[in-house]
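# Tertiary structure, described
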Amino acid sequence: MDFIEYLPPLLRGAGLTLVICIAAGVLGSLIGVVLGTAKASPNWIARFVASIYINFIRGVPILIILLFTYFALPLLLPALTFSRGFTAVVGLSVYAGAYMAEIVRGGIQAVPKGQSEAAEALGMHYFARLRFVIFPQAMKIAVPPGIGFLIALVKASSLVSVIGFVDLTRAGRIVTTLNQEPLLTFLIVGALYFVISYPISLLGTWYERKLA
Amino acid sequence: MIITVEGLHKSFGKLEVLKGIDCEVSVGEVLCVIGPSGSGKSTFLRCLNFLESFTEGQVTIGGHNLTGPKTNLNAVRRDVGMVFQGFNVFPHMKVIDNIMLAPMKVGKVSRTEARTRGMALLEKVGLTNKADVYPSTLSGGQMQRVAIARALAMEPTVMLFDEPTSALDPETVGDVLDVMKTLAEEGMTMVVVTHEMGFAREVADRVLFMDAGVIVEEGTPAQIFESPQHVRTQTFLSKLL
Ligand SMILES: Nc1ncnc2c1ncn2[C@@H]1O[C@H](COP(=O)(O)OP(=O)(O)OP(=O)(O)O)[C@@H](O)[C@H]1O
Ligand SMILES: [Mg+2]
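Residues numbered from 1 in each chain as written. Chains lettered and ligands numbered in written order. Predicted model: local features only at pLDDT ≥ 70, side-chain atom pairs only at ≥ 80, totals over all residues. Heavy atoms only, no water.

### Some points on the site of ligand 1
All names here are of chain B.
- As a structural note, the neighbourhood of ligand 1 is formed by 13 residues, with Ser37, Gly38, Lys41, Ser42 and Thr43 the closest of them.
- The backbone of Gly38 places a nitrogen or oxygen atom 2.8 Å from an oxygen atom of ligand 1.
- Thr43 is positioned with one of its side-chain polar atoms (N or O) 2.5 Å from an oxygen atom of ligand 1.
- Look at ligand 1: alone it shows 640 Å² of surface, and the protein chains cover 59% of it.
- Listed by contribution, the elements that provide at least two residues to the shell around ligand 1 are strand E2 (15-25) and helix H1 (41-48). (Near = heavy atom within 4 Å. Polar contact = N/O pair within 3.5 Å; in protein donor to acceptor, adjacent residues only side chain to side chain. Areas by Shrake-Rupley, 256 points an atom, 1.4 Å probe, with all protein chains shown as cover. Helix = DSSP H or I, 4+ residues; strand = E, 2+ residues; numbered from the N terminus.)

Shown next as structure tokens:
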């Protein structure tokens, strides 16, 4: 049996998984920074809005988020008809944003209150305090759990196959229907997931060593 | 008068911590605030730059009413330096950057100008050789002197100190007190909450004794320390000896 033949579709799936994970990782982190900051802010409206988003998204299975975005959103508003790849990125970003927000909030709240007060006493306004005093310290605290979440995100991304996006998982299933070799195929799929996620954990180890 | 406090009340929930404080500070005056733990000294000090909001009363500082409708709090705070018991230096910045931050980001001073000012202040607090290290390598006394330099970098007209030496090892207390003494001699207006009675006696123009959220007694150091009029003051001072 000629395996070389089946490798390209698997690699293509891996490439797409990598792309949607990078996109969702970046967008999710941005959403997380904005909402996490809002959740830790002194403004109750900002806290309220952020809480609703975070609690709602965390309470809904990611499968439902993906299915809803792909099948239900266009019924509500035809303009929100997205391609499979775009839906995958939107769904994963929305999901990642909620978890990243909690991680960022935790980082901000772990910075001692005196830091913010010292900046306040110097006459720095809220956003200057955040940018120059709170964020640099909060991000150090948030990076390790953030990295942990990104690894989980790579694995959760396998669920995008539910909307028919040919990511690594779906590519694996397609290949097995053709070659009838699930053992070898899924071993390769697993190995490719590892190849994607392991550098992220290396990044985390490197970061923690740099801080020490 | 550079500071005027009238009928200041402050409650945390049901707990009334300040029960009507009236007090004035004139330009160049050094006012020391003493009193037992929990009497509201820190709260009082923090009301002076509105780090703590208050329930009732008026605080006017440098002509600005803190609760006035047109008051820009951040602008007022730029003229009021504050030094905390726990230093609160920024651990992610080198010493010099700690000092340069507010002048550059708030005062819109150029980097070169901020650095020159910062180095001069480090010299003043005796830490020129520590400009480019991170605070974690400093002793408590050194950190507190960095915090003082950082507050001075905004060229404030008033300095507030909340037990600046209480968290320090005895060996390093003296260096911090010396810096504060120099500031006082240069004519800085200072409000100092302290347990250092020696400092209060030597440097203060006036001492204010607080207990249970009120000013029980105030007077010159000689009046307060040699002949306190109130029983509560006498009791407090006798416990210190
Ligand atoms: N943020 C807060 N929330 C609730 N209660 C507070 C808060 N800050 C202070 N208190 C209470 O207010 C009272 C006065 O506190 P404050 O810190 O002003 O006293 P202090 O005179 O500075 O004491 P110390 O000498 O111990 O520093 C205390 O009973 C304290 O528990
Ligand atoms: Mg106190």
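Let us keep going from here.
### Describing the packing of aromatic side chains
- Overall, the coordinates contain 10 aromatic pairs over all chains when judged by the stated rule.
- Measuring from centroid to centroid gives 5.1 Å for Tyr95(A) and Tyr99(A), while their planes differ by 50 degrees, and the two rings are tilted. Taken together, the positions of Tyr95(A) and Tyr99(A), both in helix H4 (residues 84-110) and 4 residues apart, correspond to about one turn of that helix.
- Looking at Tyr95(A), the relative accessible area reads 14%, which means it is buried.
- With a relative accessible area of 25%, Tyr99(A) lands in the partly exposed category.
- Aromatic rings pair up to connect Tyr95(A), Tyr99(A) and Phe149(A) into one cluster.
- The ring of Phe12(B) carries the charged tip of Lys10(B) above its face, separated from the ring centre by 4.7 Å. (Phe/Tyr/Trp six-rings, centres within 6.5 Å; stacked < 30°, edge-to-face > 60°. Buried < 20%, exposed > 50% of the residue type's maximum accessible area, 1.4 Å probe, protein only. Lys NZ or Arg CZ within 6 Å of the ring centre and 35° of its normal.)

### Here we look at the UniProt feature "transmembrane region" (unreviewed entry) in chain A
All names here are of chain A.
- Under the local residue numbering, the UniProt record ascribes the feature "transmembrane region" (unreviewed entry) to residues 15-36, 48-73, 85-104, 147-166 and 186-207.
- The straight-line gap between the two end C-alpha atoms of residues 15-36 is 30 Å; of that span, 100% is helix and 0% is strand.
- End-to-end, the C-alpha atoms of residues 147-166 are 25 Å apart, and along that stretch the chain is 50% helix and 0% strand. (UniProt positions renumbered as here; feature names shortened; annotations may be inferred.)

### Section: the sheet that holds strand E5 (residues 64-65) of chain B
Residues and elements named next belong to chain B.
- The strand order E2-E1-E4-E5 describes an open sheet built from 4 strands, whose pairing is antiparallel. Two strands in the sheet have a free side with no partner beyond their single neighbour: E2 and E5.
- Sheet analysis places strand E1 (residues 3-12) next to E2, joined by 8 bridges and oriented antiparallel. Across the sheet, the residue bridging to Val5 is Cys23, located in E2. (Pairing = 2+ DSSP bridges.)

### What to know about the pairing of strand E7 (residues 158-162) of chain B
All names here are of chain B.
- Here E7 lies mainly inside the structure; 5 of its 5 residues are buried.
- A two-sided burial pattern is seen for E7, the buried positions comprising Val158, Leu160 and Asp162 on one face and Met159 and Phe161 on the other.
- Here strand E6 (residues 80-83) runs beside E7; their pairing, made up of 4 bridges, is parallel. Among the inter-strand pairings, Gly81 is bridged to a residue of E7, identified as Met159.

### Looking at the sheet that holds strand E3 (residues 30-34) of chain B
All names here are of chain B.
- One open sheet accounts for 6 strands, arranged E6-E7-E8-E3-E9-E10; its pairing is mixed. The strands lining the two open edges of the sheet, one partner per strand, are E6 and strand E10 (214-219). Shown here is a sheet whose adjacent strand axes are inclined to one another by a mean of 15 degrees, direction ignored.
- In this structure, E3 lies alongside strand E8 (residues 189-193), joined through 4 bridges in parallel fashion. Its bridge partner being in E8, Cys32 is matched across the sheet by Val192.
- Strands E3, E7 and E8 of the sheet are contacted by helix H6 (residues 170-185), whose axis makes an angle of about 145 degrees with E8. (Axes fitted to C-alpha atoms, helices over the stretch in contact; angles between N-to-C directions. Contact = heavy atoms within 4.5 Å.)

### Quick notes on the UniProt feature "domain: ABC transmembrane type-1" (unreviewed entry) in chain A
- Mapped onto this numbering, the UniProt entry annotates "domain: ABC transmembrane type-1" (unreviewed entry) at residues 14-204 of chain A.
- Taken end to end, residues 14-204 of chain A is 83% helix and 0% strand, and its first and last C-alpha atoms sit 22 Å apart.

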